[in-house]
Amino acid sequence: HASPPRRGSHGLLARSRAPLMLMPRTASESGGHPMMQRSASQRRPNQRPHEHYNLKSMSGEQQQRGLRCIDRSMSTRVHPLGYVAGCVLPTSLGLWKSEYGVSYGYGGAILLAALQVLPEATSGLAVAHSLALILYGLRLCSFLAYREIFIPKFRDFREKIEKKAEAKGGRLKRVPFILSCSVLYGCMAAPLLLTAQAGFASNLMATISIALMYVGLLTAATGDFVKTWVKNNKGPDHLVTSGPFGLLRHPNYTGETLLWTSNVATGLLGLLAGGLSWQRGGEFGASVLGLLGIGFVLAQAATGLEKKQMEKYGEDAAYQAWVKRTWAGFTLPPKKKET
């Protein structure tokens, strides 16, 4: 028989569905806490301990031990060293070509982090969350490769950056910057750790936030495609105002901002659905830092592009009309002019 769900001070207890049933062996014989003695065949697929056991029949000390076990069960089994390596190794391409650390390294780190978390996903929403960042990494790396192979301008731009980097000293001097980028990428993917085993199978808010991630992903990808196609066919100096540029002046940056903001919102919902622990609280803190970091980078890029376009097309009536009917996205406030 199943006991009805209980309301308690600890959110995880609200999901208890059955009384405690222990195997004949002791905890020491099974190599773990009695809660973990139940065989896999007696639990539903992907069922976590707190969904199967009722802690009511346990003593106070056993309940505390059980809650610690539950907290550990709500965290993903992604190995920390594997996660770190997945962020550092792609970014280390910056030792070869400086620009690669913030291009292929960026996309590759997000891709590898998401691939590691995907097998731990215990709900369709968690799978959709991981797939969004997998698609982001694949899309970005593919686009960068196409642009570098077929558009000479970007190869020249890469070599220009490399010469500046070489002028600053040896390749080892790039290590601090590469490590800082790796930390940023790891923080940006951290919301996946919060949602992987949260168990919010029918959470409306999570569904909306993940859907917004895909909207942001599609907006950024469409912006890159349209801009590349137009400039290839009409010349590099042509002002792109078609497609998503009819509403957004920088759809690639605005789309990414929506993607990463929704990513952290999804992580927050995962945190609330799965319960709070020190580890999960730290993962959410890292998620917020990642959003602040990439948000600043995207706003800085949009601000720089606004300035360049103003200098290049500022006297053009078509440009002025375009600016009036479109949104630049999030930009940095203008610097105060020195008197």
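What you see is a predicted model; the values in this text were computed from it and never measured.

Engineer: Help me understand the packing of helix α9 (residues 204-234) against helix α10 (residues 251-274) in this model?
Structural biologist: How two helices sit against one another is set out by the angle between their axes and by the gap between those axes. Contact geometry of α9 with α10 gives a least axis separation of 7 Å together with a crossing angle of 160°. Put simply, α9 runs roughly antiparallel to α10. Relative to α10, α9 is oriented so that their crossing is left-handed. Residue classes in the contact of α9 with α10 are distributed as 13 nonpolar, 9 polar and 2 charged.

Engineer: Where do I start with the pattern of salt bridges in this structure?
Structural biologist: Pairing between side chains of opposite charge can happen when the charged atoms of each approach one another. As enumerated under the stated definition, the model contains 9 salt bridges in all. Notably, a salt bridge pairs E159 with K97, separated by 3.3 Å at the nearest N-O pair. A residue pair is termed long-range when its members are at least 10 positions apart, and E159 in helix α6 (residues 152-167) and K97 in the loop between α3 (80-91) and α4 (104-117) qualify at 62 residues. Take E159: its relative accessible area is 26%, and that puts it in the partly exposed class. R158 is paired through a salt bridge with E159; the nearest N and O atoms lie 2.6 Å apart. Overall, the relative accessible area of 15% leaves R158 in the buried class.

Engineer: Could you clarify how one ought to interpret the packing of α10 against helix α11 (residues 278-313) in this entry?
Structural biologist: Between α10 and α11, whose axes approach to 10 Å, the crossing angle comes to 170°. As summarised for this structure, α10 and α11 are arranged roughly antiparallel, according to the angle between their axes. Where α10 approaches α11, its residues Y253, E256, T257, W260, T261, V264, L268, G270, L271 and G274 are matched on the opposing element by R280, G281, F284, S287, V288, L291, I294, L298, A301, A302 and L305. Of the residues in the contact of α10 with α11, the class split is 13 nonpolar, 6 polar and 2 charged.

Engineer: What exactly am I supposed to notice about a nonpolar patch on the surface here?
Structural biologist: A cluster of nonpolar residues, L204, M205, I208, L212 and V215, forms a patch on the protein surface that exposes about 450 Å² of accessible area. In this fold, V215 is placed in helix α9.

Engineer: Explanation requested: the packing of aromatic side chains in the structure shown.
Structural biologist: A ring pair, where both rings are aromatic, is described by two values, the distance of the centres and the angle of the planes. All told, the structure shown has 9 aromatic pairs when counted by the stated rule. Ring geometry for Y106 against Y185: centres 5.3 Å apart, planes inclined by 20°, an arrangement best described as stacked. Of this pair, Y106 sits in helix α4 while Y185 sits in helix α7 (residues 175-189); the two residues are 79 residues apart in sequence, bridging distant segments of the chain. Assessed through its relative accessible area of 9%, Y106 is described here as buried. Among the aromatic residues, those joined into a ring-pair cluster are Y106, Y136, Y185 and W260. The positively charged end of R147 is found above the aromatic ring belonging to F154, 4.0 Å away from the centroid.

Engineer: What is the right way to read a positive patch on the surface from this model?
Structural biologist: The grouping of K153, K160, K164, K168 and K308 at the surface amounts to a positive patch. With 3 residues, α6 is the single largest residue contributor to the positive patch. Looking at the element boundaries, K153 is found in helix α6.

Engineer: Explanation requested: the side chain of E162 in the structure shown.
Structural biologist: Structurally, E162 is set in helix α6. One polar contact links the side chain of E162 to the main-chain amide nitrogen of S98, over a distance of 2.7 Å. Aside from chain neighbours lying at most four places away, what touches E162 is W96, K97, S98, R171 and R174.

Engineer: I would appreciate a short explanation of the environment of G124 in the present structure.
Structural biologist: Relative to the elements of secondary structure, G124 occurs in helix α5 (residues 124-150). Along the sequence, G124 and T207 sit 83 residues apart, while their C-alpha atoms lie 9.9 Å from each other.

Definitions and cut-offs
- Here the residue index of a chain counts from 1 through its sequence in written order.
- Owing to the predicted nature of the model, reporting of local features is limited to residues with pLDDT of at least 70; listing and counting of side-chain atom pairs is limited to 80 or more, with chain, interface and lining totals taken over all residues.
- Think of the side-chain values as coming from all heavy atoms in the structure, minus any hydrogens and water.
- What counts as an axis is a line fitted to C-alpha atoms, over the stretch in contact for a helix, and the angles between N-to-C directions run from 0 to 180 degrees.
- Helix and strand assignments come from DSSP, with helices taken as H or I runs of at least 4 residues and strands as E runs of at least 2, each series counted from the N terminus.
- For classification, angles of less than 35 degrees are called roughly parallel, those exceeding 145 degrees roughly antiparallel, those between 65 and 115 degrees roughly perpendicular, and all remaining angles oblique.
- If you view the pair so one helix is near and one far, a crossing is left-handed when the near helix is turned anticlockwise from the far one by less than a right angle, and right-handed when it is turned clockwise.
- Nonpolar residues are Ala, Val, Leu, Ile, Met, Phe, Trp, Tyr, Cys and Pro. Charged residues are Asp, Glu, Lys and Arg, and all others, Gly as well, are polar.
- We count a salt bridge whenever a side-chain nitrogen from Lys or Arg sits within 4 Å of a carboxyl oxygen from Asp or Glu.
- Exposed residues in this analysis have more than 50% of their type's maximum accessible area, buried residues have under 20%, and partly exposed residues fall in between, with area computed by a 1.4 Å probe over protein chains only.
- In what follows, residue pairs with any heavy atoms lying within 4.5 Å of each other are defined as contacts.
- Candidate patch residues must exceed 30% relative accessible area and have no salt bridge, after which like charges are joined if within 9 Å and Val, Leu, Ile, Met, Phe, Trp or Tyr side chains if within 5 Å.
- We get accessible surface area from the Shrake-Rupley algorithm with a probe of 1.4 Å; when it comes to residues, only the shown protein chains can shield them.
- By convention, a stacked pair of Phe, Tyr or Trp rings (six-membered ring in the case of Trp) has centres within 6.5 Å and planes under 30 degrees apart, an edge-to-face pair has planes over 60 apart, and any other such pair is tilted.
- For a Lys NZ or an Arg CZ to count as sitting over a ring, it must be within 6 Å of the ring centre and within 35 degrees of the ring normal.
- Counted as positive: Lys and Arg. Counted as negative: Asp and Glu. His and the chain ends are not counted at all.
- Charge placement uses NZ in Lys and CZ in Arg. For Asp and Glu, CG and CD serve respectively.
- Polar contact is defined as a pair of N or O atoms within 3.5 Å, subject to the rule that within protein one atom must be able to donate a hydrogen and the other to accept it, and that residues adjacent in sequence are counted only when both atoms are side-chain atoms.

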